[in-house]
Amino acid sequence: MEFTLNQQAINLAALFFVRGGFSMESGLHYGEVQALHVLKEAKAVVPGQINARDAMCAFCSLYRGPIFRNADGLMVQCPDCGPYRLDPASQRSWRLDDEWLIRRLRGALDIAPLSAVSPIVDGVWDIGRYKKRPVVLARRIDLVERHGLRIFHGTEPRTQSWVITPRPLGRLTQDPLEGTATWWHLEDRFALHGVALRLLRDDPDVLVDSKGRDIPVAVHGPFSSDFAWVHLEGWPHGPIQLTEAQSRLFAVLWEYRHQAESAEFLMKHAGLASDKPMDVFKVKSANRGDPLYEGPIQAYEQLVSRQRRLGLYQLAVVQSNV
């Protein structure tokens, strides 16, 4: 199964959340390193202290060797494998900022900002109310099972709660909270978009905006599966809804994204009568300043590269998240 970059980022965030402490960057595979960049941009992770004295051997992983500098730069002297060049990633470690996750989950669920966050036990929090039901966040589902009496039937009863945890590492044959609470897997019910989290419907291809509208998630780069919506990085007003003509044009641009094409070719394949792609994005003077109309033209300006002298158009390089 192929994950988008944002899906990999929320999966990595969930993994870090389960661990609680710091994880070495050198232990991440390539996809996770790319996902870590997304988490760093979202300010979701906190760096650990760098050890400048010694490092674990990258070859045998059995010994730590002193770090020294020579003409080739920083080196590590493993007592068994000998000297080798230091990989800076072997000195860097990261952990998820728990407070960041709590803030983003509260924002995704539109929990009142003045309501308090209450630690219940170590690794378990009451983060507020969603649809008048308590929301419990926990590092692992076994913590909820172990402390269930205190969580659900303590001094503050929390029956029929929403319980959010990362997916369990082992396979469970049944929902351990069935009848007591509604269990949500963090990675399956929330999507990372920019620096924010958004709640997904039961359909994993649909998210919910602050107005309660269903919005398809990004599938083709920044576009939804039907190209009716675009998730534009840096656009402060949320996902952008496109007109039918705009979505048809972006669909053709996506299909031929690996090569530049003429305006005539693009408009013909999109089934549009206009002469140039820009024609379907023009904003009437009465609608200027309205994000509903300014959003699509902003998407066009940011995502479409134009070779004016040759009259060719092509999608600009977008994050390879498909």
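Structure's up top.
Scoring rules and cut-offs
- Residues numbered from 1 in each chain as written.
- Predicted model: local features only at pLDDT ≥ 70, side-chain atom pairs only at ≥ 80, totals over all residues.
- Heavy atoms only, no water.
- Helix = DSSP H or I, 4+ residues; strand = E, 2+ residues; numbered from the N terminus.
- Buried < 20%, exposed > 50% of the residue type's maximum accessible area, 1.4 Å probe, protein only.
- Contact = heavy atoms within 4.5 Å.
- Areas by Shrake-Rupley, 256 points an atom, 1.4 Å probe, with all protein chains shown as cover.
- Phe/Tyr/Trp six-rings, centres within 6.5 Å; stacked < 30°, edge-to-face > 60°.
- Lys NZ or Arg CZ within 6 Å of the ring centre and 35° of its normal.
- Expected span 1.5 Å × (residues − 1).
- Axes fitted to C-alpha atoms, helices over the stretch in contact; angles between N-to-C directions.
- Parallel < 35°, antiparallel > 145°, perpendicular 65-115°, else oblique.
- Left-handed = near helix turned anticlockwise from the far one by under 90°.
- Nonpolar A, V, L, I, M, F, W, Y, C, P; charged D, E, K, R; others polar.
- Core = buried A, V, L, I, M, F, W, Y, C linked by side-chain atoms within 4.5 Å.
- Pairing = 2+ DSSP bridges.
- Salt bridge = Lys/Arg side-chain N within 4 Å of Asp/Glu carboxyl O.

K.L.:
Before we move on, can you summarise the overall build of the chain with the specific residues and values?
P.N.:
A tally of regular secondary structure across the chain gives 9 helices and 21 strands. Each principal axis of the C-alpha distribution contributes one length, and for the chain these read about 65 × 65 × 35 Å. Expressed as a percentage of its 322 residues, the buried residues of the chain come to 45%. In the chain, the share of contacts with a sequence separation of at least 24, taken over all contacts with a separation of at least 6, comes to 47%. Split by element, the accessible area of the chain, about 18000 Å² in all, is 50% carbon and sulfur.

K.L.:
How would you summarise the packing of aromatic side chains if you had to cite specific residues and measurements?
P.N.:
By the definition in use, this model includes 12 aromatic pairs. Counting every residue linked through ring pairs, the aromatic cluster contains F223, F227, F250, W254, F281 and Y300. The ring of W162 has R133 sitting right over it, with the charged end atom 3.8 Å from the ring centre. Seen from the ring of W254, R257 lies directly overhead, with NZ or CZ sitting 4.0 Å from the centre.

K.L.:
Could you give an account of helix α1 (residues 5–19), with specific residues and numbers?
P.N.:
For α1, which comprises 15 residues, the first-to-last C-alpha distance of 21 Å matches the rise-based estimate of 21 Å (1.5 Å per residue) to within 8%. All of the buried residues along α1 are L5, A9, I10, N11, L12, A13, A14, F16, F17 and V18. Remark: G20 follows α1 within two positions and exhibits a positive phi of approximately 80°.

K.L.:
Describe in detail the packing of helix α7 (residues 244–255) against helix α8 (residues 263–270), supporting the description with residues and values.
P.N.:
Two numbers describe how α7 lies on α8: the axes approach to 9 Å, and their chain directions differ by 120°. With respect to their mutual orientation, α7 and α8 come out oblique. Two packed elements cross with a definite hand, and for α7 against α8 that hand is right-handed. The segment α7 lies against α8, with R248, L249, V252 and L253 engaging L266, M267, H269 and A270. In terms of residue class, the contact of α7 with α8 is made up of 6 nonpolar, 1 polar and 1 charged.

K.L.:
Could you give an account of the nonpolar core, with specific residues and numbers?
P.N.:
The biggest cluster of nonpolar side chains holds 39 residues, and the ones touching the most others in it are L101, L109, L137 and F190. At 8 residues, α1 tops the list of elements feeding residues into this core. Discounting residues that sit within four places of it in the chain, F190 has contacts with I10, L105, A108, L109, I164, W184, R198, L199 and L200. Among the nonpolar cores identified, the runner-up in size contains 27 residues, and V230, L242, V252 and A263 belong to it.

K.L.:
Please set out the packing of α1 against helix α2 (residues 30–41) residue by residue, giving values where relevant.
P.N.:
In the contact formed by α1 and α2, the axes pass within 8 Å of each other and the chain directions differ by 85°. By the angle between their axes, α1 is roughly perpendicular relative to α2. Here L5, N6, Q8, A9, L12, A13, L15 and F16 of α1 come into contact with α2, specifically with G31, E32, Q34, A35, L36, V38 and L39. Classifying every residue of the contact of α1 with α2 gives 10 nonpolar, 4 polar and 1 charged.

K.L.:
Talk me through the pairing of strand β13 (residues 190–193); I want residue IDs and the actual numbers.
P.N.:
Taking every second residue as pointing to the same face, both faces of β13 are buried, with F190 and L192 on one and A191 and H193 on the other. Here β13 runs beside strand β14 (residues 196–200); their pairing, made up of 4 bridges, is antiparallel. Paired with H193 across the two strands is A196, which belongs to β14. As consecutive antiparallel partners, β13 and β14 are separated by 2 residues, and within that stretch G194 has a phi angle of approximately 65°, a positive value.

K.L.:
So what about the sheet that holds strand β2 (residues 45–47)? Which residues, and what values?
P.N.:
Strand order in the open sheet formed by 3 strands is β1-β7-β2, and the pairing between neighbours is antiparallel. Because the sheet does not close on itself, it has two edges, and the strands there are β1 (23–24) and β2. Two strands pair when backbone bridges link them, and β2 and strand β7 (residues 93–96) are joined in this way by 3 bridges, in the antiparallel orientation. Each bridged residue has a counterpart across the sheet, and for P47 the counterpart in β7 is W94. The strands touched by α1 within the sheet are β1, β2 and β7, with β7 carrying the most contacts at an inclination of about 90°.

K.L.:
Describe the pattern of salt bridges, listing the residues and the values that go with them.
P.N.:
Using the criterion set out here, one finds 14 salt bridges in the structure. With its nearest N and O atoms 2.9 Å apart, the salt bridge here joins R64 to D54. Of this pair, R64 sits in strand β4 (residues 64–70) while D54 sits in strand β3 (residues 54–56); the two residues are 10 residues apart in sequence, bridging distant segments of the chain. Given the relative accessible area of 46%, R64 is considered partly exposed. For D54, a relative accessible area of 23% gives the class partly exposed. Notably, a salt bridge pairs R306 with E301, separated by 2.9 Å at the nearest N-O pair. Taken together, the salt bridges that share partners define one network made up of D126, R129, E156 and R158.

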